[in-house]
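# Observations on the three-dimensional arrangement
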Amino acid sequence: MERKKILLISGFILILFSITLAYFYTSTGNTSVSQDGRIGVVVTVGPQEEFVKRVAGDRVNVTVMVPPGADPHTYEPLPNQMKQVQEAQIYFQVGSDVEFELAWMGKLTSMNSHMKLVNTSTSIQLIPNTAESEEGSDPHVWVSPRNAKIMVENIYQSLVQVDPDNKDYYTKNRDEYINELDELDRNITQRLSGKNNTKIMVYHPAWAYFCKDYNLQQISIEQDGKEPTPQAIASLVDAARRENIKVIFVSPEFSTSNAQVIASEIDGKVVVVDPLSKDYLKNMQKVAEAFASS
């Protein structure tokens, strides 16, 4: 009877020790890999999802905070997204003054103090924000394939730090994807090299980094983040006629009403181009074709 009691007590102590040990590892940040063996990753916008998955493959689970069709300037995360942040090991932020990150990053990081925060815009030359009412940089760094290469490298370096055992796998994937981004860059350069009109009219000024790389200039309908006044619309119509612009480009997350007004005045058309598509390579090729044909 005494021996049975000793065994019961010993078993209880062993269980208690195991629970304590598990808690210790969790609370000290040893959370580099989740229970299914994958790294929990959070990104802000859709293009980053492709960047991460092309480097990490099936080694990660990725949560995108700003879903397709949502506006990164105003979006508020849902409860299920907050839960994913609590369980994540890495947050790859854009890091270029995206309003979602400016508004929410402090709260998101406070929910998970062990989550590694990575600025994927490190080493990118940021363009100052053109809106008079806003300070900081233009946040849309990813629309440049050349910037995308830098972001991919930053993602790669962080993944290797968190999961060094799979460095060779990440290196191979990174190299393959960088080659594809180089090819995309060459194709866009060639496609736009013969474009006569270097000015494009857009509703939201999301394309500054793309324009910088490929010698274009965007004319924005949106004024300091606000709808244009009737006087501004009249001025934009005059500019479009002067520059022989026949296409107005809009993003899916914004209203097209003012773009439609201007298009009707210049006998032009409205074309949707998406800066937030998850299918980055195909989308950027599509964007280049649209700009080249305008």
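Read on for a plain summary of the structure. Just so you know, these numbers come straight off a predicted model, no measurement behind them.

### A short note on the environment of Arg 59
- Along the polypeptide, Arg 59 turns up in the loop between α2 (46–56) and β2 (60–64).
- At a separation of 3.0 Å, a polar atom in the side chain of Arg 59 contacts the main-chain carbonyl oxygen of Gly 37.

### Focus: the sheet that holds β2
- A sheet is described by the order of its strands in space; here 4 strands give the open sequence β2-β1-β3-β4, paired in parallel fashion. With one partner strand each, in any of the chains shown, β2 and β4 (116–119) form the two edges of the open sheet. When the angles between neighbouring strand axes are averaged without regard to direction, this sheet yields 20°.
- Direction of pairing for strand β1 (residues 39–43) relative to strand β3 (residues 90–93): parallel, over a ladder of 3 bridges. From the neighbouring strand, Val 41 faces β3, where its bridge partner is Ile 90.

### A few points about the nonpolar core
- Core analysis: the largest hydrophobic core is formed by 72 residues, its most contacted members being Trp 142, Leu 159, Trp 207, Phe 210 and Phe 291.
- Counting 16 residues, the second largest nonpolar core, distinct from the first, contains Ile 219, Val 237, Ile 245 and Ala 263.

### Points about the side chain of His 204
- With respect to the helices, strands and loops of the structure, His 204 is situated in the loop between β5 (199–202) and α7 (208–213).
- Overall, His 204 belongs to the buried group, its relative accessible area being 7%.
- Separated by 3.2 Å, the side chains of His 204 and His 73 make a polar contact.
- Among the polar contacts made by the side chain of His 204, one reaches the side chain of His 140 at a distance of 3.4 Å.
- What His 204 contacts, discounting residues up to four positions off in sequence, is His 73, His 140, Ser 220, Glu 222 and Phe 254.

What counts as what
Residues numbered from 1 in each chain as written. Predicted model: local features only at pLDDT ≥ 70, side-chain atom pairs only at ≥ 80, totals over all residues. Heavy atoms only, no water. Helix = DSSP H or I, 4+ residues; strand = E, 2+ residues; numbered from the N terminus. Polar contact = N/O pair within 3.5 Å; in protein donor to acceptor, adjacent residues only side chain to side chain. Pairing = 2+ DSSP bridges. Axes fitted to C-alpha atoms, helices over the stretch in contact; angles between N-to-C directions. Core = buried A, V, L, I, M, F, W, Y, C linked by side-chain atoms within 4.5 Å. Buried < 20%, exposed > 50% of the residue type's maximum accessible area, 1.4 Å probe, protein only. Contact = heavy atoms within 4.5 Å.

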